[in-house]
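Examination of the molecular architecture
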Amino acid sequence: MVIDHVTPGALLSSTLPDERGRFGEFGGRYVPEGLMAALLELEQTYAVARADAGFRDELRELLRSRVGRPTLLHQVPRFAELLAVPGVRVYLKREDMTHTGAHKINNALGQGLLAKRMGKTRIIAETGAGQHGVAVATVCAMLGMTCVIYMGAHDMHRQASNVMRMTLLGAEVRPVETGSRRLKEAISESVRDWVSNLDTTHYLFGTSAGPAPYPMIVRDLQTVIGRETRLQILKSEGRLPDYLVACVGGGSNAIGLFHPFVDEPEVRLIGVEAAGLGVETGVHAATLNAGSPGEMDGAYSYLLQDDDGQVTPTHSIAAGLDYPGVGPELSYLKDIGRVTYRTATDAVALRGLHALTRTEGIIPALESAHAVGYVLELAERGDLPADSIVVLGLSGRGDKDLAIAAERLAG
Ligand SMILES: *Cc1c(COP(=O)(O)O)cnc(C)c1O
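Please read all numbers here as calculations on a predicted model, not as lab measurements.

Overview of the overall build of the protein
- Each helix and strand counted, the protein has 16 helices and 15 strands in total.
- Relative to a compact globule of 411 residues, whose C-alpha radius of gyration would be 22 Å, the protein shows 20 Å and is just as compact.
- Seen through its principal axes, the protein has C-alpha atoms that stretch 60 × 45 × 40 Å.
- The buried share among the 411 residues of the protein stands at 59%.
- Of the contacts made within the protein by residues no fewer than 6 positions apart, 74% connect residues no fewer than 24 positions apart.
- On the protein, roughly 15600 Å² of surface is accessible, and the fraction owed to carbon and sulfur atoms is 52%.

Dropping the structure here:
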């Protein structure tokens, strides 16, 4: 199957963002003056690359030969049987089967090629759990670029195996010792590095958030997920699905799956956020369910903040969902009512992980397991109609989560 990638005409409703980088009122570019030129250079480079058949061909070929695309879309009949809804068919979109085991490589590879086009030789990125850092370090090794990853010292300790992977791949992992020594401070350090090394360096942002043009670029690079899904489901079912369900952290795997279906009103789009210990406990990361609009990490979007506008701490069993913000396009799609946002607690995610593993022999990432667990609950509540076709975005594989899952499932 040949799937065209980053074809302007294939972007459907994508007249957004507007020329100011806005999705409705969301998005924009709230950055220090020193970064404006770099963001505009990136925007212009991308506008040219996107229309360039040579760029698209190179990206498509690398996605095929080095990432393993197209990824499978297949039914999971034993899991579907658990739902006990007559005629229901569940499909998984298997981003967990990409090289490095999650969707993040789609974006890292595309931005790596853009960086080369801009003549940059050095890539920097920040990482929380280490998944994005591993994808970036992998791409840098593949393309022969220097790689520096900023990571909170606290996170480095928690994610030691990913630190080893990045180091082995040739990246320099720089511990960030300020503040809470987590992702937030790692982002600040990356921005500081970028401002002083604009000539040589591209900041490879990992999700569909941040200042324009990142939300658009990351979305376009992840839309390969939804575009493949569309062709694949039409081939196996002869019609579009009734539900697309994906977990939402910063939002890149969800917007990648949803975007080619945004103009298909009969397809229900459901984003599942991390409810942690329960949204009512305040210990969660359910930004779109419990947050309000504000400015963070260079853009205006929903975020978790207190009455004084201070960003509040988050919790999720899934490190990739443990973020107080969300991308501006997902905020826009909430406000126009096109995407429905629901939640799954840590416990529901663990149930989802266990269920899928035992019925199908597939261990999902804890992030993806939020979407799996949500579908189980939807069916149990009697809210999933008979004969529905459900596509679940399986954003990554669970190898990284084995210790957490084993400990929690034993206890
Ligand atoms: C990082 C990550 C996520 C969350 O990021 P999004 O940008 O919301 O997709 C989800 N699943 C996996 C496996 C991840 O590694």
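Moving on, there is more to tell.
Description of the UniProt feature "modified residue: N6-(pyridoxal phosphate)lysine" (unreviewed entry) in the protein
- This chain's UniProt record puts "modified residue: N6-(pyridoxal phosphate)lysine" (unreviewed entry) on Lys-104.
- Here Lys-104 lies in helix H4 (residues 104-117).
- Aside from chain neighbours lying at most four places away, what touches Lys-104 is Gln-131, His-132, Ala-135 and Gln-222.

What to know about the pattern of salt bridges
- In total, this model carries 26 salt bridges according to the counting rule given.
- Between Asp-220 and Arg-50 there is a salt bridge, with its nearest N and O atoms 3.2 Å apart. Here the residue Asp-220 occupies a position in helix H9 (residues 214-222), and Arg-50 occupies one in helix H1 (residues 33-50), the gap between them amounting to 170 residues.
- Note on Arg-50: relative accessible area 17%, which makes it buried.
- A salt bridge links Arg-117 to Asp-52; its shortest N-O distance comes to 3.1 Å. Taken as a pair, Arg-117 in helix H4 and Asp-52 in the loop between H1 and helix H2 (53-67) lie far apart in primary sequence, 65 residues in all.
- Within the structure, one salt-bridge network assembled from shared partners comprises Arg-50, Arg-219, Asp-220 and Glu-329.

Points about the site of the ligand
- The full set close to the ligand counts 16 residues, and Lys-104, Thr-207, Gly-251, Ser-252 and Ser-395 are the nearest of them.
- Between the ligand and Lys-104, the relevant distance is 2.7 Å, taken from an oxygen atom to a side-chain nitrogen or oxygen of the residue.
- At 2.8 Å from an oxygen atom of the ligand is found a main-chain nitrogen or oxygen belonging to Gly-249.
- Calculation on the ligand without its partners gives an accessible area of 380 Å², and the protein chains cover 97% of this total.
- Class assignment of the residues belonging to the shell around the ligand gives a composition of 3 nonpolar, 11 polar and 2 charged.

What to know about the pairing of strand E9 (residues 243-247)
- Of all 5 residues making up E9, 5 are buried, and the element is well covered by its neighbours.
- By the alternation rule, side chains of E9 split into Tyr-243, Val-245 and Cys-247 and Leu-244 and Ala-246, which are all buried.
- Pairing of E9 with strand E15 (residues 389-394), which is carried by 3 bridges, proceeds in the parallel orientation. Bridge assignment links Tyr-243 to a residue of E15, and that residue is Val-390.
- When E9 meets strand E10 (residues 268-278), the two strands line up parallel, connected through 5 bridges. In the strand pairing of E10, Ala-246 is matched with Gly-271.
- Following the backbone out of E9, through helix H11 (residues 252-258) and into the adjacent parallel E10, one traces a crossover that is right-handed.

With respect to the nonpolar core
- By size, the foremost hydrophobic cluster in this structure holds 55 residues, and its most contacted members are Val-136, Met-166 and Trp-194.
- Residue contributions to this core peak at 7 residues, all from helix H5 (residues 131-143).
- Filtering out sequence-adjacent residues up to four positions away, Met-166 remains in contact with Thr-127, Gly-130, Gly-133, Val-134, Ala-137, Ile-149, Met-151, Ala-171 and Val-173.
- Val-76, Leu-92, Leu-376 and Ala-379 belong to the second-largest nonpolar core, a separate cluster that totals 28 residues.

Points about helix H8 (residues 183-196)
- Here H8 is 14 residues long and its end C-alpha atoms lie 20 Å apart, about the 20 Å a rise of 1.5 Å per residue gives.
- Along H8, the residues classified as buried are Glu-185, Ala-186, Ile-187, Ser-190, Asp-193 and Trp-194.
- Looking at the buried side of H8, the elements it contacts are H1, strand E5 (122-127), strand E6 (146-152), strand E7 (172-176), strand E8 (201-203) and H9.

Notes on the side chain of Asp-322
- Looking at the element boundaries, Asp-322 is found in the loop between strand E13 (299-303) and helix H13 (328-335).
- Among the polar contacts made by the side chain of Asp-322, one reaches the side chain of Thr-314 at a distance of 2.6 Å.
- Each residue touching Asp-322, except ones within four places of it in the same chain, is listed here: Ala-285, Thr-314, His-315 and Ser-316.

Thresholds, definitions, all that
- Residues numbered from 1 in each chain as written.
- Predicted model: local features only at pLDDT ≥ 70, side-chain atom pairs only at ≥ 80, totals over all residues.
- Heavy atoms only, no water.
- Helix = DSSP H or I, 4+ residues; strand = E, 2+ residues; numbered from the N terminus.
- Rg over C-alpha atoms; globule rule 2.2 N^0.38 Å.
- Buried < 20%, exposed > 50% of the residue type's maximum accessible area, 1.4 Å probe, protein only.
- Contact = heavy atoms within 4.5 Å.
- Areas by Shrake-Rupley, 256 points an atom, 1.4 Å probe, with all protein chains shown as cover.
- UniProt positions renumbered as here; feature names shortened; annotations may be inferred.
- Salt bridge = Lys/Arg side-chain N within 4 Å of Asp/Glu carboxyl O.
- Near = heavy atom within 4 Å.
- Polar contact = N/O pair within 3.5 Å; in protein donor to acceptor, adjacent residues only side chain to side chain.
- Nonpolar A, V, L, I, M, F, W, Y, C, P; charged D, E, K, R; others polar.
- Pairing = 2+ DSSP bridges.
- Right-handed = clockwise from strand over helix to strand, strands pointing away.
- Core = buried A, V, L, I, M, F, W, Y, C linked by side-chain atoms within 4.5 Å.
- Expected span 1.5 Å × (residues − 1).

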